[in-house]
2 protein chains.
Amino acid sequence: MLRLSKMTDYGVVVMGRLASRPDERQSAADVAANTGLPPATVGQVLKALATGGLVSGTRGAQGGYLLSRRPEAISVAEIVVALDGPVAITACVEGADDPCSVEATCLLKGSWDAVNIAIEDALKQVTLADMLAPLFQFNPPPTELREATP
Amino acid sequence: MLRLSKMTDYGVVVMGRLASRPDERQSAADVAANTGLPPATVGQVLKALATGGLVSGTRGAQGGYLLSRRPEAISVAEIVVALDGPVAITACVEGADDPCSVEATCLLKGSWDAVNIAIEDALKQVTLADMLAPLFQFNPPPTELREATP
DNA sequence: ATCTATTTGGACCAATCTACTCCTATTGGC
DNA sequence: GCCAATAGGAGTAGATTGGTCCAAATAGAT
């Protein structure tokens with residue numbers, strides 16, 4: 001059903017929590033407690049986000065995670081890539097070893113790429129700040145987003 | 001990794017095969033033989049496409065499937081919906097019973113909807129004819145698609 | 001009218017992937 | 001030197017998907 005993984009969903013929630021306290025280092029357990037998500041999984045999500053360079057983790061006592069950029073400078077696409085890997089609608093898009101038996105039918109590949117790019121762009125255009133706009137009033141209201149929402 | 005199911009991928013290939021012989025009724029076994037896809041699965045794909053109204057199946061001897069509309073009038077979005085169900089990026093988008101523990105965080109829902117709609121639009125804009133353009137020369141060249149493809 | 005070929009629709013398995021957990025090592029503050 | 005917290009790995013149970021099979025219905029042909 002063209003669904004993205006629950007991890008990405010969690011990722012946005014976790015990032016949202018970090019964004020709500022921009023100057024406060026929060027531990028994984030802390031974030032888990034405040035979001036109600038399973039603690040161990042939150043740890044894994046934050047790890048992946050750190051690997052992706054979206055958050056910076058400092059260890060040791062009084063350690064924790066911090067957003068490495070401002071929410072307006074982080075796109076949803078980046079969160080998706082950090083947690084689910086590169087966006088690839090079909091097996092043909094990335095260089096996966098797929099059983100595209102007949103070569104002729106696989107000429108569709110180019111067309112899937114176009115669809116893939118369109119979806120990627122849609123994800124890139126929405127920033128973390130846009131996602132959180134209903135929650136906290138950062139800046140101007142979420143213009144295009146608001147009219148698209150029913 | 002934001003991947004759509006293999007069934008949808010098959011669906012486009014199957015539809016492509018039907019489109020290549022617009023006036024010839026082809027059985028599921030026939031399509032399977034010509035595409036190299038597993039026969040039983042092709043049958044299931046065609047069943048779903050028939051339910052979605054994209055193809056019309058006639059039973060009995062000499063029976064088979066036929067596209068119910070011209071390829072230019074069939075969008076990829078319709079194929080996705082027929083095979084994978086409605087496009088729903090996250091659990092929150094459709095009315096699924098999800099464990100969105102803290103209500104505050106679920107205010108993100110509205111924003112996900114916007115992303116969801118953007119993706120849906122991207123799928124709607126591409127027709128079956130566009131997908132098959134590299135294969136058969138239907139009409140004019142696939143304009144926007146071609147420049148998006150690397 | 002009967003018979004046969006073929007689609008339809010359902011139930012049913014197996015394999016893959018995901019979400020989640022746990023354990024160990026490393027690192028920074030006290 | 002000790003404690004707190006991240007980093008990174010492996011490992012497990014459950015859900016979902018891809019694929020198969022069988023009985024029922026239907027339309028053409030005999």
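About the cut-offs
Residues numbered from 1 in each chain as written. Chains lettered and ligands numbered in written order. Predicted model: local features only at pLDDT ≥ 70, side-chain atom pairs only at ≥ 80, totals over all residues. Heavy atoms only, no water. Near = heavy atom within 4 Å. Polar contact = N/O pair within 3.5 Å; in protein donor to acceptor, adjacent residues only side chain to side chain. Helix = DSSP H or I, 4+ residues; strand = E, 2+ residues; numbered from the N terminus. Pairing = 2+ DSSP bridges. Buried < 20%, exposed > 50% of the residue type's maximum accessible area, 1.4 Å probe, protein only. Nonpolar A, V, L, I, M, F, W, Y, C, P; charged D, E, K, R; others polar. Axes fitted to C-alpha atoms, helices over the stretch in contact; angles between N-to-C directions. Parallel < 35°, antiparallel > 145°, perpendicular 65-115°, else oblique. Left-handed = near helix turned anticlockwise from the far one by under 90°. Contact = heavy atoms within 4.5 Å. pLDDT = per-residue confidence, 0-100. Lys, Arg positive; Asp, Glu negative; His and termini not counted. Salt bridge = Lys/Arg side-chain N within 4 Å of Asp/Glu carboxyl O.

### What to know about the protein's contact with DNA strand D
Around DNA strand D, 22 residues are found, and the nearest of them are Ala-28, Lys-47 and Tyr-65 of chain A together with Lys-6 and Tyr-10 of chain B. Of what DNA strand D places within 4 Å of the protein, 70% of the atoms are sugar or phosphate. In the model, a base nitrogen of DNA strand D is placed 2.6 Å from a nitrogen or oxygen of the Lys-47 of chain A side chain. Contact distances for DNA strand D include 2.3 Å between a phosphate oxygen and a side-chain N or O atom of Tyr-65 of chain A. Among the elements of the structure, strand 1 (55–58) and strand 2 (64–67) of chain A together with helix 1 (6–20) and helix 3 (39–51) of chain B are those that each provide at least two residues to the surface near DNA strand D.

### Section: the pairing of strand 1 of chain A
Residue and element names in this part refer to chain A. Bridge count between strand 1 and strand 2: four bridges; the pairing is antiparallel. If you follow Thr-58 over to strand 2, its bridge partner there is Gly-64. In this structure, the hairpin formed by strand 1 and strand 2 is closed by a connection of five residues, where Gly-60 is found at a positive phi of approximately 80 degrees.

### Things to note about unusual backbone geometry
Residue and element names in this part refer to chain A. Here Gln-62, not a glycine, exhibits a phi torsion of approximately 65 degrees, which is positive. Within the secondary structure, Gln-62 sits in the loop between strand 1 and strand 2. For Gln-62, a relative accessible area of 70% puts it in the exposed group.

### Remarks on the protein's contact with DNA strand C
DNA strand C sits among 22 residues. The nearest are Lys-6 and Arg-59 of chain A together with Ser-27, Lys-47 and Tyr-65 of chain B. Among the atoms of DNA strand C lying within 4 Å of the protein, the sugar-phosphate backbone contributes 66%. A distance of 3.1 Å separates a phosphate oxygen of DNA strand C from a polar atom in the side chain of Tyr-10 of chain A. A distance of 3.5 Å separates a phosphate oxygen of DNA strand C from a polar side-chain atom of Ser-27 of chain B. Secondary structure elements with two or more residues in the surface near DNA strand C: helix 1 (6–20) and helix 3 (39–51) of chain A together with strand 1 (55–58) and strand 2 (64–67) of chain B. Split by residue class, the surface near DNA strand C holds eight nonpolar, ten polar and four charged.

### Comments concerning the packing of helix 1 of chain B against helix 4 (residues 76–84) of chain B
Residues and elements named next belong to chain B. Relative to each other, helix 1 and helix 4 sit at 125 degrees, their axes nearing to 9 Å. The orientation of helix 1 with respect to helix 4, classified from their angle, is oblique. Between helix 1 and helix 4 the crossing geometry is right-handed. Contacts from Met-7, Thr-8, Gly-11, Val-12 and Met-15 of helix 1 reach helix 4 at Ile-79, Val-80, Leu-83 and Asp-84.

### Structural notes on the confidence of the model for chain A
Residues and elements named next belong to chain A. When the pLDDT values of chain A are averaged, the result is 80; 75% of them are 70 or greater. Confidence, expressed as mean pLDDT per element, reaches its minimum in chain A at helix 7 (residues 143–148) with 40 and its maximum at strand 2 with 96. Low confidence marks residues 138–150, where pLDDT is under 50. Its contacts with residues over four positions away, or in another chain, come to twelve contacts.

### Section: the side chain of Asp-9 of chain A
Of note, Asp-9 of chain A is situated in helix 1. Look at Asp-9 of chain A: it is buried, it has no salt bridge, and the nearest opposite charge is Arg-3 of chain A at 7.9 Å. Within the structure, the side chain of Asp-9 of chain A is placed 3.4 Å from the side chain of Trp-112 of chain B, a separation counted as a polar contact.

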